[in-house]
Amino acid sequence: MQKKIQSALISVFYKDGLEETVKLLKKLGITIYSTGGTQEFIENLGVPCVAVELLTNYPSILGGRVKTLHPKVFGGILGKRNDAAHLAEMAAHDIPEIDLVIVDLYPFEETVATTKDEKLIIEKIDIGGPSMIRAAAKNHIDVVVVAAKKDYALLNNLLKEQQGETTLEQRKTFAIKAFDVCTHYDNAVSSYFNNLEISTAFNKDKNPLRYGENPHQTASFHGNLTEIFTQLHGKELSYNNLVDVDAAMQLMVEFNSEKKPVFAIIKHTNVCGAAIRENVVMSWKAALAGDPESAFGGVLVCNAEIDEPTASAINEIFFEVLIAPSFSSDALQILKQKKNRILLEAKKFSPQKMQTKTLLNGVLIQQTDETNFAEWKEVGGRETTIVEKSNLAFANILCKHLKSNAIALVKNNQLIGKGCGQTSRIDALRNAIDKAKQFGADTTGAVLSSDAFFPFDDCVRIAHTAGIEAFIQPGGSVRDNDSIAYCKVNNLAMVITSTRHFKH
């Protein structure tokens, strides 16, 4: 849906980069409304503009605090062009349509960074700017909004190439950028009043923690944990508890459709034990057997109710947190014997859609890794057996939840060895084999998952020497054929998934 810009409202703090835009608007015969310093800037370019005060028939008051907050401004922005009632009201009140809003915001963050004078800081909290930006973004069906000088170039290109016309998709793109500007600005203001050093989208529901990752670090959690679980017993969750609980919950999302009990043990966000069995206690014992040392002080998670036999078995070790969808009354009576044990009743195992990480002077945002494999391509010396298929699928999920470089060894739907967080894949493999041997697991007939491709055939050779006969990996190495050829010569199974699972 093409729309032609016929009028523009411009009110900006930063004028640099605006000159070309103003001259393009003049060339296209677009009426410009402006106020204050922006109006002066435009007129000094020899471009005529209408003062907002003439439009509103009301002066700027309260030292400039109130200039654009008027129905003739907001009516012109918010009026629906395809609504006859809106158009009639606008005509009755002599409200012109405003098709383009170019507004930036007072430099709040820059002011906070350069002064501690609260009066100066407060005056840099913009009111009219965010209001106009949000109004224009809301009505993007009819209005173009530009909320940052970095987007002037994009607007200029559209003005040149499309002679002042824009598509709905283009207007929506500008609107998304505008809402992001407002969100960032609001977070900066909230951060100031909350005495936070970093702007964050999670300033509501602030829950101070005892300390951060280490005792000398302060920390807080921003969110409502009661939406996802109920704490039935134990001490307050710590920073490290929360990090591991998140890892446990995200792992268990993978098994939402699994009918059999799945038990897993998490330590420093890595899976150190996991198994699928016919009942809960068997699943727990198999998960623990994979690495009983690392389980000490870990976070435990299960997709089924914790019953009395399982609680009695778990009660024999020290753990920090146990998460399950429910607990029997007898199980709770056993598990509550230790006052600090944290028992969480999960309301749901829901995937996170997006992940964020602060680094350098900004924030990284990425889609959550929800895919397990894009394809299941058998490329080895033989087809995988039914049992191997089940084990490989399980291993692939577990490897996805290990820190890279990662290798997971699985046998009979039990994690028997893992190597993670290594700087070379071959070291991760050696660690996985050594871990399996340490606790008496027989790697003969086991399967292996790798979170990324094998750069050489050395991993496949070493694993084969240990008795491993089936592999699953994403592929993508220029030397994939080396590993594939070895599997073909030695009658080993190999599956290519075309999906890498790096985790840092």
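Keep in mind the model is a prediction, meaning the values are calculated, not measured.

A. Spotlight on the overall build of the protein. Along the protein, the regular secondary structure elements total 18 helices and 23 strands. Taken over the C-alpha trace, the protein has a radius of gyration of 30 Å; the compact-globule value for 504 residues is 23 Å, which it surpasses by more than 25%. By principal-axis analysis of the C-alpha atoms, the protein measures approximately 85 × 55 × 45 Å. Across the 504 residues of the protein, 48% fall into the buried class. Here the contacts in the protein between residues at least 6 apart in sequence split such that 56% fall between residues at least 24 apart. Accessible surface, the protein as shown: approximately 24700 Å² in total, 52% of it carbon and sulfur. Between the centroid of the 55 positive side chains of the protein and the centroid of its 59 negative side chains there is a distance of 1 Å.

B. Quick peek at the packing of aromatic side chains. Here the structure, examined in full by the defined rule, presents eight aromatic pairs. Centroid distance Phe13 to Tyr106: 6.3 Å. Interplanar angle 65°. Geometry classified as edge-to-face. With Phe13 in the loop between strand S2 (7-11) and helix H1 (19-27) and Tyr106 in the loop between strand S5 (100-103) and helix H6 (108-114), this residue pair connects regions lying 93 residues apart in the sequence. Its relative accessible area of 38% is what places Phe13 among the partly exposed residues.

C. Quick peek at the packing of helix H8 (residues 128-138) against helix H10 (residues 168-193). The geometry of H8 relative to H10 is characterised by a closest axis approach of 9 Å and an angle of 150° between their N-to-C directions. Viewed along their axes, H8 and H10 adopt a mutual orientation that is roughly antiparallel. The crossing of H8 and H10 is left-handed. Touching Pro130, Ile133, Arg134, Ala137 and Lys138 of H8 are Ala175, Ala178, Phe179 and Cys182, all from H10.

D. Expanded view of the side chain of Glu388. Here Glu388 lies in helix H15 (residues 386-400). Side-chain polar atoms of Glu388 contact the side chain of Arg382, separated by 2.8 Å. Beyond its immediate chain neighbours, meaning those up to four positions away, Glu388 contacts Arg382, Glu383, Val447, Glu469, Ala470 and Ala493.

E. Region of interest: the sheet that holds strand S6 (residues 144-146). Taken in spatial order, the five strands make up an open sheet running S4-S3-S2-S5-S6, and their pairing is parallel. Unpaired on one side and paired on the other, strand S4 (50-51) and S6 mark the two borders of the sheet. Note that S2 and strand S3 (residues 31-34) share four bridges and pair parallel. Bridged to Leu9 within S3 is Tyr33. Contacts between H1 and the sheet are confined to S2, S3 and S5, with S2 contributing the most and set at about 160° to the helix.

F. Seen up close, the packing of H1 against helix H9 (residues 152-162). At a closest axis distance of 10 Å, the pairing of H1 and H9 adopts a crossing angle of 20°. As the angle between them shows, H1 and H9 are arranged roughly parallel. Here H1 and H9 pass one another in a crossing that is left-handed. Facing Glu20, Thr21, Leu24 and Leu25 of H1, the residues of H9 in contact are Tyr152, Leu155, Asn156, Leu159 and Lys160. Of the residues contributing to the contact of H1 with H9, the split by class is five nonpolar, two polar and two charged.

G. Spatial organisation of the side chain of Arg341. By secondary structure assignment, the location of Arg341 is in the loop between helix H14 (329-335) and strand S15 (342-346). Buried charge without a salt bridge: Arg341, with Glu316 as the nearest opposite-charge side chain at an N-O distance of 9.7 Å. Only 3.3 Å separates the side chain of Arg341 from the backbone oxygen of Leu335, close enough to count as a polar contact. When sequence neighbours within four positions are dropped, the list of residues in contact with Arg341 reads His233, Gly234, Ile314, Asn315, Ile317, Phe319, Glu320, Ile334 and Leu335.

H. Expanded view of the pattern of salt bridges. This structure, assessed with the given rule, holds 19 salt bridges. Among the ionic pairs, Asp291 bridges to Lys418, the shortest N-O distance being 3.4 Å. In this pair, Asp291 is assigned in the loop between helix H12 (280-289) and strand S13 (298-302) and Lys418 in strand S20 (residues 414-419), connecting sequence segments 127 residues apart. Pair check on accessibility: Asp291 and Lys418 agree, each one buried. Residue Arg461 is joined to Asp457 by a salt bridge in which the shortest nitrogen-to-oxygen separation is 3.1 Å. On the basis of relative accessible area, Asp457 is assigned to the buried category, the value being 18%. One network of salt bridges, with partners in common, ties together Arg81, Glu97 and Asp99.

I. Representation of the environment of Glu469 in the model. Examined against the element boundaries, Glu469 turns out to sit in the loop between helix H17 (458-465) and strand S22 (470-473). When its relative accessible area of 34% is taken as the criterion, Glu469 is described as partly exposed. Once residues within four sequence positions are removed from consideration, Glu469 is found in contact with Arg382, Glu388, Ala446, Leu492 and Ala493.

J. Structural detail: a nonpolar patch on the surface. Taken together, the side chains of Met1, Ile141 and Leu168 make up a nonpolar region of the molecular surface, amounting to roughly 270 Å² of accessible area. As for its placement among the helices and strands, Ile141 is situated in the loop between H8 and S6. Looking at Ile141, the relative accessible area reads 41%, which means it is partly exposed.

K. View of helix H16 (residues 425-438). Here H16 spans 20 Å end to end across 14 residues, near enough to the 20 Å set by a 1.5 Å rise per residue. Along H16, the residues classified as buried are Arg425, Ile426, Ala428, Leu429, Ala432, Ile433, Lys435 and Ala436. Where H16 ends, the next residue or the one after it, Gly440, has phi of about 75°, a positive value.

L. Here's a closer look at the nonpolar core. Of all hydrophobic cores here, the largest spans 49 residues; its most connected members are Ile10, Ile77, Leu100 and Ile102. Looking at which element gives the most residues to this core, the answer is H10, with seven residues. Filtering out sequence-adjacent residues up to four positions away, Ile77 remains in contact with Leu9, Ile98, Val101, Met132, Ala135, Ala136, Asn139 and Val143. Of all hydrophobic cores here, the second largest spans 44 residues; its members include Leu209, Val299, Val301 and Cys420.

M. Local environment of helix H11 (residues 239-253). For H11, spanning 15 residues, the distance from its first C-alpha to its last is 21 Å, which sits close to the expected 21 Å at 1.5 Å a residue. With eleven of its 15 residues buried, H11 lies for the most part within the structure. Listing the buried residues of H11 in full gives Asn241, Leu242, Asp244, Val245, Ala247, Ala248, Met249, Gln250, Leu251, Met252 and Val253.

Quick notes on the rules
- Residues numbered from 1 in each chain as written.
- Predicted model: local features only at pLDDT ≥ 70, side-chain atom pairs only at ≥ 80, totals over all residues.
- Heavy atoms only, no water.
- Helix = DSSP H or I, 4+ residues; strand = E, 2+ residues; numbered from the N terminus.
- Rg over C-alpha atoms; globule rule 2.2 N^0.38 Å.
- Buried < 20%, exposed > 50% of the residue type's maximum accessible area, 1.4 Å probe, protein only.
- Contact = heavy atoms within 4.5 Å.
- Areas by Shrake-Rupley, 256 points an atom, 1.4 Å probe, with all protein chains shown as cover.
- Lys, Arg positive; Asp, Glu negative; His and termini not counted.
- Charge placed at Lys NZ, Arg CZ, Asp CG, Glu CD.
- Phe/Tyr/Trp six-rings, centres within 6.5 Å; stacked < 30°, edge-to-face > 60°.
- Axes fitted to C-alpha atoms, helices over the stretch in contact; angles between N-to-C directions.
- Parallel < 35°, antiparallel > 145°, perpendicular 65-115°, else oblique.
- Left-handed = near helix turned anticlockwise from the far one by under 90°.
- Polar contact = N/O pair within 3.5 Å; in protein donor to acceptor, adjacent residues only side chain to side chain.
- Pairing = 2+ DSSP bridges.
- Nonpolar A, V, L, I, M, F, W, Y, C, P; charged D, E, K, R; others polar.
- Salt bridge = Lys/Arg side-chain N within 4 Å of Asp/Glu carboxyl O.
- Patch = residues over 30% accessible without salt bridge, like charges linked within 9 Å, V, L, I, M, F, W, Y side chains within 5 Å.
- Expected span 1.5 Å × (residues − 1).
- Core = buried A, V, L, I, M, F, W, Y, C linked by side-chain atoms within 4.5 Å.

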